[in-house]
Amino acid sequence: MSMSENKKMPGHERRQLIIDTLQASVQPMTGKELGEMTNVSRQVIVGDITLLKAKNEPIIATSQGYIYMHTQTTPSKIEKVIVCQHKPEQTEEELNILVDNGVTVKDVKIEHPVYGDLSASIMVANRNEVQQFIKRISESSAVYLSKLTEEGIHLHTIVADNEEQIKNAEDALRKAGILVE
C-alpha cells in the first residue's frame, strides 16, 4: 500500500494494516518502522497497538519490536517455566547460557510485593538478540524486573525443540549458580 505524504489514513484502516503487516512479518517490527510505513508518529502506533491489544489481538511488545503471536503453535516445541536468581550484572550471562543451549527465552516474571505478578516479554533466541536486549535496557536506563524483588528471584518461560536442550540449559544454569530448585 502506497501512501501520499499528505493523505491521512483513517485509524481503523491503519490498525488493520498494522495487523496485516505484523502477521506477515517473520521478525519483530518497531513502532518507528510501523509509523514510517503508515505516515504517523511512533506514539500514534503505540496507541494503535494498545487499542488492538484491547480487542484481543495477540500482539506483544518485545525488546526488538512488535510481533503477532499466531495461534497455531508448533506442537513439537516444548515450553517450561524455570526459576532463576542472580545479580543484575549476570543477566547477560544467564540469557546467553539459555540461548547457547538452543532455548528461546519468552519472558520474565516476578512477584512484586505491591502489584503481585508482573511479567515482561523478552523473546531472545540467540546471542545477537541478547546483546540487543541488554543494550536497550542500558540505553533506556530501565531496570530489570528482578531488581524489583527482594532476592532477585524471577521466572522465565523457555521454549525449545526438545527436552535435551532444556535439560542442558538447566544444567548450565545450575553450574553457574543461577537456577533455583
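Residues numbered from 1 in each chain as written. Predicted model: local features only at pLDDT ≥ 70, side-chain atom pairs only at ≥ 80, totals over all residues. Heavy atoms only, no water.

Peer 1: Talk me through the pattern of salt bridges; I want residue IDs and the actual numbers.
Peer 2: For side chains of opposite charge, pairing can occur when their charged atoms come near one another. In this structure the tally under the stated criterion is 12 salt bridges. Arg15 is paired through a salt bridge with Asp48; the nearest N and O atoms lie 3.0 Å apart. With Arg15 in helix α1 (residues 11-24) and Asp48 in helix α3 (residues 42-54), this residue pair connects regions lying 33 residues apart in the sequence. The pair formed by Arg15 and Asp48 is uniform in burial state, with each residue classed as buried. Between Asp100 and Arg127 there is a salt bridge whose closest N-O contact spans 2.6 Å. With Asp100 in helix α4 (residues 91-100) and Arg127 in helix α5 (residues 127-140), the pair connects residues that are 27 residues apart, well separated along the chain. What makes Asp100 partly exposed here is its relative accessible area of 44%. In the salt-bridge network here, residues are joined through shared partners; they are Lys167, Asp171, Arg174 and Glu181. (Salt bridge = Lys/Arg side-chain N within 4 Å of Asp/Glu carboxyl O. Helix = DSSP H or I, 4+ residues; strand = E, 2+ residues; numbered from the N terminus. Buried < 20%, exposed > 50% of the residue type's maximum accessible area, 1.4 Å probe, protein only.)

Peer 1: With reference to specific residues and values, describe the sheet that holds strand β4 (residues 104-112).
Peer 2: An order of β3-β6-β4-β5 is seen for the 4 strands of this open sheet, with the pairing classed as antiparallel. Among the strands making up the open sheet, the edge pair consists of β3 (78-85) and β5 (116-124). With direction set aside, neighbouring strand axes in the sheet form an average angle of 20 degrees. The pairing of β4 with strand β6 (residues 153-160) spans 5 bridges and is classified as antiparallel. Among the inter-strand pairings, Val108 is bridged to a residue of β6, identified as His156. Sheet strands touched by helix α6 (residues 163-175): β3 and β6. Its angle to β3, the strand with the most contacts, is close to 5 degrees. (Pairing = 2+ DSSP bridges. Axes fitted to C-alpha atoms, helices over the stretch in contact; angles between N-to-C directions. Contact = heavy atoms within 4.5 Å.)

Peer 1: With reference to specific residues and values, describe the environment of Ile78.
Peer 2: Relative to the helices and strands, Ile78 is located in strand β3. Residue classification places Ile78 among the partly exposed residues on the basis of a relative accessible area of 22%. Separated by 87 residues in the primary sequence, Ile78 and Gln165 have C-alpha atoms spaced 9.6 Å apart. Excluding residues within four positions of it along the chain, Ile78 makes contact with Ile158, Val159, Ala160, Asp161, Asn162, Glu163 and Ile166.

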